[in-house]
Amino acid sequence: ESDIADQVNMINTAIAANPAGLGLAACDTSSVLDALQECVDKGIPVVTFDTGIADAPEGSVVCEVCTDNAQAGSENMYNAIKDVVANAEGQVVIGEVNQDATAQNIQQRGGGFIDKMIELLQADGKTVAVKGNEFYVNAAKGADAEEADAQTTVELCSTEAQAILSQENCIAIFGSNQTAAEGVLAANANLNVLGSDAGAGDVIGVGFDAGSIIKAAVQDGTFIGAVTQSPLMMGYYAIYALTAAANGQELEDVPTDGYWYDSTNMDSEEIAPNLYD
């Protein structure tokens, strides 16, 4: 995901071959805008998957195939910590680690988690402040903020997560994609504070995406669970949409399902095909 320049070169090489269509899961949505404009100029239809591109040139993206990224596991987390929140005598910290503030899907996951958590906390009569990265602070609905830097690699995510988890009043933490969630787990290797019993003092962890490291953490209870997209169907519909676009058909965006998984359902027929290694 950090190989942004490599991806741009790959896209430019593909465009030079004048394809009938281009499927694109952008690492950094801002980095592909010039390429998308060239697709408009050449009449090459683009189907985006995994993440949309908010500032895409008009007419470049004919279809977006991605999950509702705002459903970021906040309700499942809140159910695990609400008694601790209700009985807290002082301020508690709920952490969130995002890989960046540039990819639209990460923006949506991070913002969706924050906004839903604010809603749930305020519904229980609590006041909420949002601190950290300027993008997420400014986008949050109904909270104050202060600025901090974003994370871009597992190592940096781990460093940021360790700073959050080290706070005595931290009760929960969310990693908004595979990189960020693995960063949380790397930080926990040093601190050993994550677990499934908030009442006993465990910090409740939730991830997004899959991979062997996250799946193992869900299986053994280090994370109470995670949200997975449907990569199987995203790939299917992306090819379907590209074929339709090449045939000149009008297209609408295709929302794909997201799933909450935990140790009780991750081996089920519905969930397991979407949990890649």
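Quick caveat: nothing in here was measured; it's all calculated off a predicted structure.

Cut-offs and rules
- Residues numbered from 1 in each chain as written.
- Predicted model: local features only at pLDDT ≥ 70, side-chain atom pairs only at ≥ 80, totals over all residues.
- Heavy atoms only, no water.
- Salt bridge = Lys/Arg side-chain N within 4 Å of Asp/Glu carboxyl O.
- Helix = DSSP H or I, 4+ residues; strand = E, 2+ residues; numbered from the N terminus.
- Expected span 1.5 Å × (residues − 1).
- Axes fitted to C-alpha atoms, helices over the stretch in contact; angles between N-to-C directions.
- Parallel < 35°, antiparallel > 145°, perpendicular 65-115°, else oblique.
- Left-handed = near helix turned anticlockwise from the far one by under 90°.
- Contact = heavy atoms within 4.5 Å.
- Nonpolar A, V, L, I, M, F, W, Y, C, P; charged D, E, K, R; others polar.
- Pairing = 2+ DSSP bridges.
- Patch = residues over 30% accessible without salt bridge, like charges linked within 9 Å, V, L, I, M, F, W, Y side chains within 5 Å.
- Areas by Shrake-Rupley, 256 points an atom, 1.4 Å probe, with all protein chains shown as cover.
- Buried < 20%, exposed > 50% of the residue type's maximum accessible area, 1.4 Å probe, protein only.

K.L.:
Where do I start with the pattern of salt bridges in this structure?
P.N.:
Counted under the stated rule, the structure contains five salt bridges. Across the pair K42 and E38 runs a salt bridge whose closest N-O atoms are separated by 3.6 Å. Highlighted residues: K42 and E38, both in helix α2 (residues 33-42), separated by four residues, approximately one helical turn. The salt bridge involving E75 is made with K116; its shortest N-O contact spans 3.9 Å.

K.L.:
Got a minute to help me understand helix α4 (residues 104-123) in this structure?
P.N.:
Since the α-helix advances by 3.6 residues per turn, residues separated by three or four positions end up pointing in the same direction. For α4, with 20 residues, the first-to-last C-alpha span of 28 Å sits near the 28 Å given by 1.5 Å per residue. Residue G125 follows α4 closely and has a positive phi angle near 80 degrees.

K.L.:
What am I meant to see in the packing of helix α6 (residues 154-165) against helix α7 (residues 178-191) here?
P.N.:
In a pair of packed helices, the angle between the axes and the distance between the axes together describe the arrangement. Direction vectors running N to C along α6 and α7 enclose 55 degrees, while the axes themselves pass 7 Å from each other. Taken together, α6 and α7 sit at an angle that is classed as oblique. α6 and α7 meet at a crossing whose hand is right-handed. Residues V154, C157, S158, A161, Q162 and L165 of α6 pack against T179, A180, E182, G183, V184, A186, A187, N188, N190 and L191 of α7. Of the residues contributing to the contact of α6 with α7, the split by class is nine nonpolar, six polar and one charged.

K.L.:
Just checking my understanding: could you explain the sheet that holds strand β3 (residues 61-67) for this structure?
P.N.:
Adjacent strands of a sheet pair through backbone hydrogen bonds, lying either parallel or antiparallel. Strand order in the open sheet formed by four strands is β1-β2-β3-β10, and the pairing between neighbours is parallel. What marks the edges here is a single partner per strand, and that holds for β1 (22-24) and β10 (254-256). Ignoring strand direction, the axes of neighbouring strands in this sheet form an average angle of 15 degrees. Across three bridges, the pairing between β3 and β10 is parallel. Looking at β10, one finds that V65 is bridged to V254. Against the sheet, helix α9 (residues 231-246) contacts β1, β2 (46-49), β3 and β10, and its axis sits at roughly 170 degrees relative to β3.

K.L.:
Help me understand a nonpolar patch on the surface, please; the structure alone is not making it clear to me.
P.N.:
The grouping of Y236, Y237 and Y240 at the surface amounts to a nonpolar patch, some 350 Å² of accessible area in total. Note on placement: Y237 falls in helix α9. Its relative accessible area of 31% is what places Y237 among the partly exposed residues.

K.L.:
Quick question: what am I supposed to make of the sheet that holds strand β7 (residues 170-175) here?
P.N.:
Read across the sheet, five strands follow the order β4-β7-β8-β9-β11 without closing on themselves; strand pairing throughout is mixed. In this open sheet, the two strands that pair with only one neighbour each are β4 (93-97) and β11 (259-261). Shown here is a sheet whose adjacent strand axes are inclined to one another by a mean of 15 degrees, direction ignored. In terms of strand pairing, strand β9 (residues 225-228) meets β11 through three bridges, oriented antiparallel. From the neighbouring strand, V227 faces β11, where its bridge partner is W260.

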